[in-house]
Amino acid sequence: MNIYSSRPVVLCLSGHDPSGGAGLQADIEALMVQGCHAAPVVTALTVQNTVNVSDFRVLDREWVLAQANAVLSDSTVAAVKLGMLGSLEMVDTVVELLQAHPHLPMVCDPVLRAGGGGRLGKDEVGYAMRERLLPLATIATPNLPEARILAELPDGSADECAEKLLPFCRHLLITGGHGDEHEVHNRLYSRDGGRHTFTCHRLPGSYHGSGCTLASTLAGRLAIGENLVSAVQTALNYTWRTLRDAEQLGQGQFVPRRLPLDFC
């Protein structure tokens with residue numbers, strides 16, 4: 001028996017989705033495939049399925065800090081992935097936690113809407129994330145609707161949103177899955193002026209948990225030491241494959257197949 005783990009530990013702070021399509025289960029599955037170990041810290045409980053979200057409850061800050069600190073005091077964490085926070089108090093809680101560990105690369109997925117459109121936090125939560133969390137992030141990964149909320153540009157283009165948001169974060173990946181073009185354009189912006197566009201074929205249908213899959217995969221790639229641009233490309237490629245092979249487990253959106261059939 002090998003008692004020494006060589007897998008990097010990624011601390012995931014996000015909500016629980018009982019359908020298993022998004023949230024912490026998505027993080028765990030995606031990180032397993034990257035060769036990482038997910039340490040899931042529950043920030044919120046949700047009532048949702050593949051159709052939509054109907055309610056959520058944010059946990060007390062003491063419980064979230066206790067969960068995270070239990071992991072941080074025990075394991076060598078290689079990266080952090082943020083998902084649903086849900087309240088202004090939880091934004092402040094996570095800021096406090098991250099400021100105590102500034103050396104950790106952090107991927108921020110600003111979850112403000114479920115795939116079916118239901119709200120997972122007020123827009124004010126997005127503004128607080130922009131002002132307080134994005135400056136602590138290595139990279140943020142909003143889709144275009146989320147980027148518009150963060151930038152307070154309801155009809156803004158990806159370029160316009162990036163111009164507004166880059167003063168707050170070093171790197172910004174605005175995904176294009178919510179458009180209707182034949183090809184999806186995922187745009188990576190860096191504060192130093194770097195620009196990369198990653199293009200892929202648009203798949204039919206809509207998907208539950210694609211953003212969680214992408215962000216957690218990206219955190220895993222950074223945890224194993226892959227450079228940022230390459231990690232973004234790898235994460236986008238993997239996420240596309242999970243959507244290509246997605247399953248309709250309920251009556252709503254398709255759920256990404258993050259684990260191959262022969263995984264075990």
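Cut-offs used in this document
- Residues numbered from 1 in each chain as written.
- Predicted model: local features only at pLDDT ≥ 70, side-chain atom pairs only at ≥ 80, totals over all residues.
- Heavy atoms only, no water.
- Helix = DSSP H or I, 4+ residues; strand = E, 2+ residues; numbered from the N terminus.
- Rg over C-alpha atoms; globule rule 2.2 N^0.38 Å.
- Buried < 20%, exposed > 50% of the residue type's maximum accessible area, 1.4 Å probe, protein only.
- Contact = heavy atoms within 4.5 Å.
- Areas by Shrake-Rupley, 256 points an atom, 1.4 Å probe, with all protein chains shown as cover.
- Lys, Arg positive; Asp, Glu negative; His and termini not counted.
- Charge placed at Lys NZ, Arg CZ, Asp CG, Glu CD.
- Patch = residues over 30% accessible without salt bridge, like charges linked within 9 Å, V, L, I, M, F, W, Y side chains within 5 Å.
- Salt bridge = Lys/Arg side-chain N within 4 Å of Asp/Glu carboxyl O.
- Expected span 1.5 Å × (residues − 1).
- Axes fitted to C-alpha atoms, helices over the stretch in contact; angles between N-to-C directions.
- Parallel < 35°, antiparallel > 145°, perpendicular 65-115°, else oblique.
- Left-handed = near helix turned anticlockwise from the far one by under 90°.
- Nonpolar A, V, L, I, M, F, W, Y, C, P; charged D, E, K, R; others polar.
- Arc of directions from axis to C-beta.
- Pairing = 2+ DSSP bridges.
- Core = buried A, V, L, I, M, F, W, Y, C linked by side-chain atoms within 4.5 Å.
- Polar contact = N/O pair within 3.5 Å; in protein donor to acceptor, adjacent residues only side chain to side chain.

Colleague: Got a sec to walk through the overall build of the protein chain? Specific residues and values, please.
Modeller: Scanning the protein chain for helices and strands turns up 8 helices and 9 strands. Whereas a compact globule of 264 residues would reach a radius of gyration of roughly 18 Å, the protein chain reaches 17 Å, a difference of no more than 12%. When the backbone C-alpha atoms are referred to their principal axes, the protein chain occupies close to 50 × 45 × 40 Å. Every one of the 264 residues in the protein chain was classed for burial, and the buried ones make up 52%. Within the protein chain, counting contacts between residues at least 6 apart in sequence, those at least 24 apart form 67% of the total. Accessible surface, the protein chain as shown: approximately 12100 Å² in total, 52% of it carbon and sulfur. Positive and negative charge centroids in the protein chain, built from 21 and 28 side chains respectively, lie 2 Å apart.

Colleague: Describe the side chain of Thr-239, with residues and values.
Modeller: Looking at the element boundaries, Thr-239 is found in helix 8 (residues 228-244). According to the relative accessible area criterion, Thr-239 is buried, its value standing at 7%. Sequence-distant contacts of Thr-239, that is, excluding residues within four places in its chain, are made with Ser-210, Thr-213 and Leu-214.

Colleague: Summarise a nonpolar patch on the surface; cite the residues concerned and give the values.
Modeller: On the surface, a cluster of nonpolar side chains totalling about 190 Å² of accessible area is made up of Ile-28, Met-32 and Val-33. Note on placement: Val-33 falls in helix 1 (residues 23-33).

Colleague: Describe helix 7 (residues 210-223), and please don't skip the residues or the numbers.
Modeller: Helix length check: helix 7 (14 residues) gives 20 Å between terminal C-alpha atoms against 20 Å at 1.5 Å per residue, within 8%. By the criterion of burial, helix 7 is predominantly enclosed, with 12 of the 14 residues buried. One or two positions beyond helix 7, positive phi appears at Gly-225, with a value near 100°.

Colleague: A description of the packing of helix 7 against helix 8 should follow, citing residues and the corresponding values.
Modeller: Viewed as axis vectors pointing N to C, helix 7 and helix 8 meet at an angle of 140°, and their least axial separation amounts to 8 Å. By the angle between their axes, helix 7 is oblique relative to helix 8. Crossing of helix 7 over helix 8 shows right-handed handedness. Taken together, the residues of helix 8 that come into contact with helix 7 (itself represented by Ser-210, Thr-213, Leu-214, Thr-217, Leu-218, Arg-221 and Leu-222) are Leu-228, Ala-231, Val-232, Thr-234, Ala-235, Leu-236, Tyr-238, Thr-239, Thr-242 and Leu-243. Partitioned by chemical class, the residues of the contact of helix 7 with helix 8 number 10 nonpolar, 6 polar and 1 charged.

Colleague: Give a detailed account of helix 2 (residues 61-72), specifying residues and quantitative values.
Modeller: Over its 12 residues, helix 2 extends 16 Å from the first C-alpha to the last, a length consistent with the 16 Å expected when each residue adds 1.5 Å. Of all the residues in helix 2, the buried ones are Val-64, Leu-65, Ala-68, Val-71 and Leu-72. Along helix 2, the residues classed as buried sweep out an arc of 130° about the axis, all on the same side. What points out from helix 2, more than 90 degrees from its buried face, is the exposed set Glu-62 and Trp-63. Where helix 2 is buried, its residues touch strand 1 (9-16), strand 2 (37-48), strand 4 (77-82) and helix 3 (88-99).

Colleague: Before we move on, can you summarise the pairing of strand 9 (residues 195-201) with the specific residues and values?
Modeller: The sheet contact formed by strand 8 (residues 183-190) and strand 9 spans 7 bridges and is antiparallel. Residue pairing across strands places Arg-187 opposite Thr-197, the latter belonging to strand 9. If you look at the hairpin formed by strand 8 and strand 9, you'll find 4 residues sitting between the two strands, and Gly-193 has a positive phi there, around 100°.

Colleague: I'd like a rundown of the nonpolar core, residues and numbers included.
Modeller: With 46 residues, the main nonpolar core has Leu-11, Leu-13, Leu-82, Leu-133 and Leu-172 as its most contacted residues. The element that contributes the greatest number of residues to this core is helix 3, accounting for 6 residues. Counting residues in hydrophobic clusters, the runner-up holds 23 residues, among them Val-10, Leu-31, Val-107 and Val-232.

Colleague: Got a sec to walk through the side chain of Thr-46? Specific residues and values, please.
Modeller: Locating Thr-46 in the fold gives a position in strand 2. Exposure remark for Thr-46: the relative accessible area of 8% places this residue in the buried category. There is a polar contact of 2.9 Å between the side chain of Thr-46 and the side chain of Gln-48.

Colleague: Outline the pattern of salt bridges, supporting the account with residue identities and numerical values.
Modeller: Going through the model one piece at a time under the given rule, you end up with 9 salt bridges. Asp-27 is the partner of Lys-81 in a salt bridge, and the nearest nitrogen-oxygen pair spans 2.9 Å. Residue Lys-81 is located in strand 4, and its partner Asp-27 is located in helix 1; the two are separated by 54 residues in the primary sequence. Taken together, the salt bridges that share partners define one network made up of Arg-130, Glu-131 and Glu-152.

None of the figures reported here should be taken as evidence of function without further support.
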